[in-house]
Amino acid sequence: MRYFFIVYALLAVLVISVGGFRGEKFTHTPFRLFPDMDEQDRIDPQEGSDFFKDGLGARQPVAETLPQGYEPADLADSSSKSFTNNNDYYHTGLLNEDVFGNGLPVKELGLTEESLPAFIKRGQTAFNANCSACHGISGNGKGVVAGYGIPGVANLQTSVLPDGAIYDIIVNGRGGMSAFGYQVDVKDRWAIVAYLQALKYSREVPLDQVKEAFDAGIAAQAK
C-alpha cells in the first residue's frame, strides 16, 4: 500500500508538470494528444495563399473550359444540354421573384403542335428515370419507396401546383425530396412538367376520348 501512494504521488506530479494546473496560461504550444482537427491543412474561402504565384487561395477555372454538361445560355440550342441559371421564366419557373408562372415556355423550348407529342414522350422518359422510384410510373405517389414506408410522397395526378412551381421543385427539391437540378437539364425539366400535365389530363377526360386517342396513336405508329 505504501508503494501505491508513492506511485500515485509521482504520477500526479508528472501530470501536473506536463499539463499544468487548470486555467494556467502557457507561452509555448501545448501538447495535444487528440487535436480533434483543430488545425487543418486547408484554405478558407477568400483566404490568400503563398503557395500560388498570384497569392490567391481560390483557383480560377482553366481557360476556355466549361463544367461537364454545361452550356452558356447564348450557345445552348434545342438539342444541347443546358444547366444555366438565368433569371428568366425558362430557367426558374418564376414570373417575378415570388410568383410562379403557369404554362410551358414554348418559344424557348422551340415547341410546335407537331413536336409536342415527342416532347411529352421525352418527359415520360426523364420522369421514369428520375422520379418514378418515389412517385410511381403513373405519378400516383406509390413508387418503390412507398413499399418501405417512406412518408410524404406526393400524388402528382392530383397536384394543383402551377407549372413553374413544379419546375422549381425539380430543380431545388422540397421536403424530403432531393434537388434534381444537378442531373436533369433545363429542357428535360420542362419535359417532365409537360408529361405530368398530360398525366393529369388523362385522368380527367372521358374514357371514350382516351380510347379514341389511343387508337389514333396506334394507327399513326402503324403507318
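Predicted, not measured: the structure shown is a model, and the values here were computed from it. (Residues numbered from 1 in each chain as written. Predicted model: local features only at pLDDT ≥ 70, side-chain atom pairs only at ≥ 80, totals over all residues. Heavy atoms only, no water.)

1. A word on helix α7 (residues 186–204)
Right, so step 1: Here α7 spans 28 Å end to end across 19 residues, near enough to the 27 Å set by a 1.5 Å rise per residue.
Right, so step 2: Capping of α7 at its N-terminal end is provided by Asp185; its side-chain oxygen lies 3.2 Å from the backbone amide nitrogen of Lys187. (Helix = DSSP H or I, 4+ residues; strand = E, 2+ residues; numbered from the N terminus. Expected span 1.5 Å × (residues − 1). Polar contact = N/O pair within 3.5 Å; in protein donor to acceptor, adjacent residues only side chain to side chain.)

2. A closer look at the environment of Pro151
Right, so step 1: For Pro151, the location among the structural elements is in the loop between α5 (132–135) and α6 (163–172).
Right, so step 2: Note on Pro151: relative accessible area 69%, which makes it exposed.
Right, so step 3: Sequence separation between Pro151 and Gly176 is 25 residues, and the spatial gap between their C-alpha atoms is 8.8 Å. (Buried < 20%, exposed > 50% of the residue type's maximum accessible area, 1.4 Å probe, protein only.)

3. Here we look at the environment of Leu95
Right, so step 1: Within the secondary structure layout, Leu95 lies in strand β1 (residues 94–96).
Right, so step 2: For the pair Leu95 and Gly164, spaced 69 residues apart in sequence, the C-alpha separation works out to 8.5 Å.
Right, so step 3: With sequence-adjacent residues up to four places away left out, Leu95 is seen in contact with Tyr89, Phe100 and Gly101. (Contact = heavy atoms within 4.5 Å.)

4. Description of the nonpolar core
Nonpolar side chains tend to gather and get buried jointly when the protein is soluble and globular.
Right, so step 1: Judged by nonpolar contacts, the single largest core of 24 residues is most densely connected at Phe119, Phe127, Trp190, Ile192 and Leu196.
Right, so step 2: Of all the elements in the fold, those that place two or more residues in this core are α2 (89–92), α4 (116–130), α6 and α7.
Right, so step 3: Discounting residues that sit within four places of it in the chain, Phe127 has contacts with Ser132, His135, Gly136, Ile137, Gly139, Leu156, Ile192, Tyr195 and Leu196. (Core = buried A, V, L, I, M, F, W, Y, C linked by side-chain atoms within 4.5 Å.)

5. Let's talk about the packing of aromatic side chains
Right, so step 1: Inspection of every chain in the model, using the stated rule, returns 4 aromatic pairs.
Right, so step 2: Geometrically, the ring pair formed by Phe127 and Tyr195 is tilted, given 5.6 Å between the ring centres and 55 degrees between the ring planes. Of this pair, Phe127 sits in helix α4 while Tyr195 sits in helix α7, and the two are 68 residues apart along the sequence. Of the two residues, Phe127 and Tyr195, neither departs from the other in class, the shared state being buried. (Phe/Tyr/Trp six-rings, centres within 6.5 Å; stacked < 30°, edge-to-face > 60°.)

6. Brief notes about the layout of surface pockets
Right, so step 1: Taken as a whole, the second largest pocket holds about 540 Å³ of empty space.
Right, so step 2: For the second largest pocket, the lining is made up of 27 residues, of which His135, Ala154, Ile169, Arg174 and Met177 are closest to its centre.
Right, so step 3: Going through the elements one at a time, α4, α5, α6 and α7 are the ones with two or more residues in the lining of the second largest pocket.
Right, so step 4: Residue composition of the lining of the second largest pocket, grouped by class: 18 nonpolar, 8 polar and 1 charged. (1 Å grid on protein atoms, 1.4 Å probe; cavity = no way out; pocket = protein on both sides within 12 Å on 5 of 7 lines; lining within 4 Å. Points joined across faces, edges and corners; volume = space filled by probe spheres on them. Nonpolar A, V, L, I, M, F, W, Y, C, P; charged D, E, K, R; others polar.)

7. What to know about the pattern of salt bridges
Right, so step 1: Within the structure shown, the criterion is met by 3 salt bridges.
Right, so step 2: Here Arg42 makes a salt bridge to Asp44, at a shortest N to O gap of 2.0 Å.
Right, so step 3: Close ionic contact of Arg59 with Asp54 constitutes a salt bridge, the shortest N to O distance being 3.1 Å.
Right, so step 4: What makes Asp54 partly exposed here is its relative accessible area of 45%. (Salt bridge = Lys/Arg side-chain N within 4 Å of Asp/Glu carboxyl O.)

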